[in-house]
Amino acid sequence: MYVFGYGSLIWNPGFEFQTSELAEIKNYKRSFSMWSIHHRGTVKRPGLVLALEKCNGHSCKGVVFRVSPDNYTQVLLYLRERELVSSAYEETEVQVELATSKQLVTAITFVIKKDHDQYCQLTLDEQAKIIAEAEGGRGSNDEYLFSTEKNSRS
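Residues numbered from 1 in each chain as written. Predicted model: local features only at pLDDT ≥ 70, side-chain atom pairs only at ≥ 80, totals over all residues. Heavy atoms only, no water.

### Regarding the overall build of the protein
Okay, step 1: From N to C terminus, the protein includes 4 helices and 7 strands.
Okay, step 2: What you see in the protein, going N to C, is helices and strands ordered as β-α-β-β-α-β-β-α-β-β-α.
Okay, step 3: In terms of overall dimensions, the protein is globule-like: its C-alpha atoms have a radius of gyration of 15 Å, near the 15 Å expected for 154 residues.
Okay, step 4: Along the three orthogonal principal directions, the C-alpha set of the protein runs to about 40 × 35 × 30 Å.
Okay, step 5: Per-residue burial over the protein gives 45% buried out of 154 residues.
Okay, step 6: Across the protein, every contact between residues at least 6 apart in sequence was considered, and the portion connecting residues at least 24 apart equals 74%.
Okay, step 7: If you sum the accessible surface of the protein, you get close to 8,500 Å²; carbon and sulfur atoms cover 49% of it. (Helix = DSSP H or I, 4+ residues; strand = E, 2+ residues; numbered from the N terminus. Rg over C-alpha atoms; globule rule 2.2 N^0.38 Å. Buried < 20%, exposed > 50% of the residue type's maximum accessible area, 1.4 Å probe, protein only. Contact = heavy atoms within 4.5 Å. Areas by Shrake-Rupley, 256 points an atom, 1.4 Å probe, with all protein chains shown as cover.)

Right, here's the structure in full:
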């Protein structure tokens, strides 16, 4: 099993994996288009987290994790509990191109539901203000941004 991470999974997967490497998916983009009311904000003061959405002509770089068959069920249950906490994401299989070998593998990832209340489209200025000020159960919103950016290039 492979898991594609494009946000906090990049630097905080929270599950056991055999290998990880940089990877890319085509016809998807990631953006700060999901209100975070649990992890990086609250219901009263939401933050923003990255969401993946289908978008022809775009691509998204992230990290793909290879999970042992022995851990498949445990990892899947963990990811569903973590990522589907508010049902804003849909578990999806995508084709991922590995950076080193250019091999294509099928991976599980989580794609935003555009009809969900947590989906949003904001200007960069609006995003920056929210990210600079929001904080939730897993920490500050700006820490999320900086950690994702730093680890997306490693």
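There's more to say after this.
### Considerations on the side chain of Ser-86
Okay, step 1: With respect to the helices and strands, Ser-86 occurs in the loop between α2 (72-83) and β4 (89-98).
Okay, step 2: Residue classification places Ser-86 among the buried residues on the basis of a relative accessible area of 17%.
Okay, step 3: When sequence neighbours within four positions are dropped, the list of residues in contact with Ser-86 reads Met-34, His-38, His-116 and Gln-118.

### Section: the layout of surface pockets
Okay, step 1: Volume-wise, the largest pocket comes out at about 350 Å³.
Okay, step 2: Lining the largest pocket are 25 residues, and of these Ser-8, His-39, Val-49, Glu-83 and Tyr-89 lie nearest its centre.
Okay, step 3: Contributing elements (two or more residues each) for the lining of the largest pocket: β1 (2-5), α1 (8-11), β2 (19-36), β3 (47-66) and α2.
Okay, step 4: Tallied by class, the residues present in the lining of the largest pocket amount to 12 nonpolar, 9 polar and 4 charged. (1 Å grid on protein atoms, 1.4 Å probe; cavity = no way out; pocket = protein on both sides within 12 Å on 5 of 7 lines; lining within 4 Å. Points joined across faces, edges and corners; volume = space filled by probe spheres on them. Nonpolar A, V, L, I, M, F, W, Y, C, P; charged D, E, K, R; others polar.)

### Topic: helix α3 (residues 124-133)
Okay, step 1: By the burial criterion, the buried members of α3 are Gln-127, Ile-130 and Ile-131. Seen end-on, α3 carries its buried residues on one side only, within an arc spanning 95 degrees. Residues of α3 that are exposed and point over 90 degrees away from its buried face: Asp-125, Lys-129 and Ala-132. (Arc of directions from axis to C-beta.)

### Examining the environment of Cys-60
Okay, step 1: With respect to the helices and strands, Cys-60 occurs in strand β3.
Okay, step 2: For the pair Cys-60 and Arg-30, spaced 30 residues apart in the sequence, the C-alpha separation amounts to 6.2 Å.
Okay, step 3: Apart from residues no more than four positions distant in its own chain, Cys-60 is found in contact with Phe-4, Tyr-6, Ala-23, Glu-24, Ile-25, Tyr-28, Lys-29, Arg-30 and Leu-52.

### Points about helix α4 (residues 141-152)
For an α-helix, the turn length of 3.6 residues means that residues three or four places apart are oriented alike.
Okay, step 1: Taking 1.5 Å of rise per residue, 12 residues should cover 16 Å, and α4 covers 17 Å from first to last C-alpha, within 8% of that figure.
Okay, step 2: Of the residues making up α4, those classed as buried are Asn-141, Tyr-144, Ser-147, Thr-148 and Ser-152. Along the axis of α4, the buried residues cluster in a sector spanning 130 degrees; they form a single face. In this structure, α4 carries Phe-146 and Lys-150 as exposed residues pointing more than 90 degrees from its buried face.
Okay, step 3: On its buried face, α4 is in contact with α1, β2, β3, α3, β6 (135-136) and β7 (139-140). (Expected span 1.5 Å × (residues − 1).)

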